[in-house]
Amino acid sequence: MLRTRQLAAAITLAATCLPAWSLYKVIGPDGSVTYTDRPPVASNARITSIGRHGESTPLGDASLPLELRQASARYPVVLYAAAECPPCDSARTLLQQRGVPYRERAVASDDDTLALERLTGARTVPALTVGQQVLRGLSPADWNAYLDAAGYPRESKLPRSWQPPAVTPLAEGRASPPPAAAEPAQVPPPAPPAAGAGDDAGIRF
């Protein structure tokens, strides 16, 4: 009888230790949202694990190594750039050589320029956001300092197959942006940010 009770208790304990039902929210590069009960393997997508009580945990891009996935989930990097802009080309090179997974938003129209000014306080490109931190103008020392503070590796750990998402206009979809899993965190400032540019009309770089 005792052995039967012990067996029943063991079965009950094992049942309570089984993995809880999980739901994943996947936001694709185009802003599309998918819910699935299977661990997603999509690349270039933001993935959030939704717990049984509704709490959410960002998992980042499933194709990235854990270190990069954690950094990009907490402090996503977005580059704001324009066409025929040599400093913008240098900015892309900096991010690519360091192996930072980033999204690029194009500043091409008047609406894009106004959106950039609302976001960064200036009309200067390139600009970068690391989480909620805004960096105006290309300053490799400042950009690297903030990327260090956000936990991005100094040397590239990006998979060779990784490609940045398609470039989209900055003003596109601002009226109803795709739902975000969580508000990007504020990067602890490693040093006072570089002085911003003025508010002259037009895009500057």
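Just above sits the structure.
Cut-offs used in this document
Residues numbered from 1 in each chain as written. Predicted model: local features only at pLDDT ≥ 70, side-chain atom pairs only at ≥ 80, totals over all residues. Heavy atoms only, no water. Helix = DSSP H or I, 4+ residues; strand = E, 2+ residues; numbered from the N terminus. Buried < 20%, exposed > 50% of the residue type's maximum accessible area, 1.4 Å probe, protein only. Contact = heavy atoms within 4.5 Å. Areas by Shrake-Rupley, 256 points an atom, 1.4 Å probe, with all protein chains shown as cover. Salt bridge = Lys/Arg side-chain N within 4 Å of Asp/Glu carboxyl O. Disulfide = S-S within 2.5 Å. Pairing = 2+ DSSP bridges. Axes fitted to C-alpha atoms, helices over the stretch in contact; angles between N-to-C directions. Lys, Arg positive; Asp, Glu negative; His and termini not counted. Expected span 1.5 Å × (residues − 1). Arc of directions from axis to C-beta. Core = buried A, V, L, I, M, F, W, Y, C linked by side-chain atoms within 4.5 Å.

Here we look at the overall build of the chain
- Helices and strands together make up the secondary structure of the chain, namely 5 helices and 9 strands.
- The proportion of buried residues among the 205 residues of the chain is 35%.
- In the chain, 62% of the contacts between residues at least 6 apart in sequence involve partners at least 24 apart.
- Total accessible area on the chain stands at roughly 11900 Å², and carbon and sulfur atoms take up 55% of it.

Describing the pattern of salt bridges
- For the structure on display, the rule yields 6 salt bridges.
- In this structure, Glu117 and Arg123 form a salt bridge, with 2.9 Å as the shortest nitrogen-oxygen distance.
- A residue is classified by how much of its surface remains accessible, and Glu117, at 22% relative accessible area, is partly exposed.

Examining the state of the cysteines
- Scanning all chains against the criterion turns up 1 disulfide.
- One disulfide in the model links Cys85 with Cys88; its S-S distance is 2.3 Å. A torsion of 75° about the S-S bond marks the disulfide between Cys85 and Cys88 as right-handed.
- With relative accessibility at 0%, the residue Cys88 sits in the buried group.

Let's talk about the sheet that holds strand β7 (residues 127-130)
- Across the sheet, which stays open at both edges, the 5 strands sit in the order β8-β7-β5-β6-β9 with mixed pairing between neighbours. Two strands bound the open sheet, and with one partner strand each, they are β8 (133-136) and β9 (168-169).
- Those strands touched by helix α4 (residues 110-120) are β5 (77-81), β6 (102-106), β7, β8 and β9, and its axis lies near 120° from that of β8.

What to know about unusual backbone geometry
- A cis amide bond, omega 0°, links Val125 with the succeeding residue Pro126.
- Mapped onto the secondary structure, Pro126 falls in the loop between α4 and β7.

Let's talk about the side chain of Asp112
- Structurally, the position occupied by Asp112 is in helix α4.
- Within the buried set, Asp112 has no salt-bridge partner at all; the shortest N-O distance to an opposite charge, 6.9 Å, is to Arg105.
- Contact partners of Asp112, with chain neighbours within four places excluded, come to Ala106, Val107, Pro169, Leu170 and Ala171.

Some thoughts on helix α3 (residues 86-98)
- Under the 1.5 Å per step criterion, the end-to-end length of α3 is 19 Å for 13 residues, consistent within 8% with the ideal 18 Å.
- Restricting attention to buried positions, one finds in α3 the residues Cys88, Ala91, Arg92, Leu94, Leu95 and Arg98. Down the axis of α3, the buried side of the element spans an arc of 155°, and every buried residue falls inside it. Exposed and facing more than 90 degrees away from the buried side of α3 are Pro86 and Gln97.
- On its buried side, α3 packs onto β5, β6, β7 and α5 (140-149).

What about α4?
- Within α4 the residues assigned to the buried category are Asp112, Thr113, Ala115, Leu116 and Thr120. Summarising the axial view, the buried residues of α4 lie within an arc of 160°, below the 170-degree limit, and thus occupy one face. For α4, the exposed residues lying more than 90 degrees away from the buried face are Asp110, Asp111 and Arg118.
- Along its buried surface, α4 packs onto β5, β6, β7, β8 and β9.
- Gly121 sits one or two residues past α4 and shows a positive phi near 85°.

Quick notes on the nonpolar core
- If you look at the biggest cluster of nonpolar residues, it comprises 33 residues, and the most contacted ones within it are Val77, Leu79, Leu95, Leu128, Val130, Leu147 and Tyr152.
- Among the secondary structure elements, those contributing two or more residues to this core are α2 (66-74), β5, α3, α4, β7 and α5.
- Considering every element that reaches this core, the biggest residue donor is β5, with 5 residues.
- Apart from residues no more than four positions distant in its own chain, Val77 is found in contact with Leu95, Val100, Pro101, Tyr102, Arg103, Leu128, Thr129, Val130, Leu147 and Tyr152.

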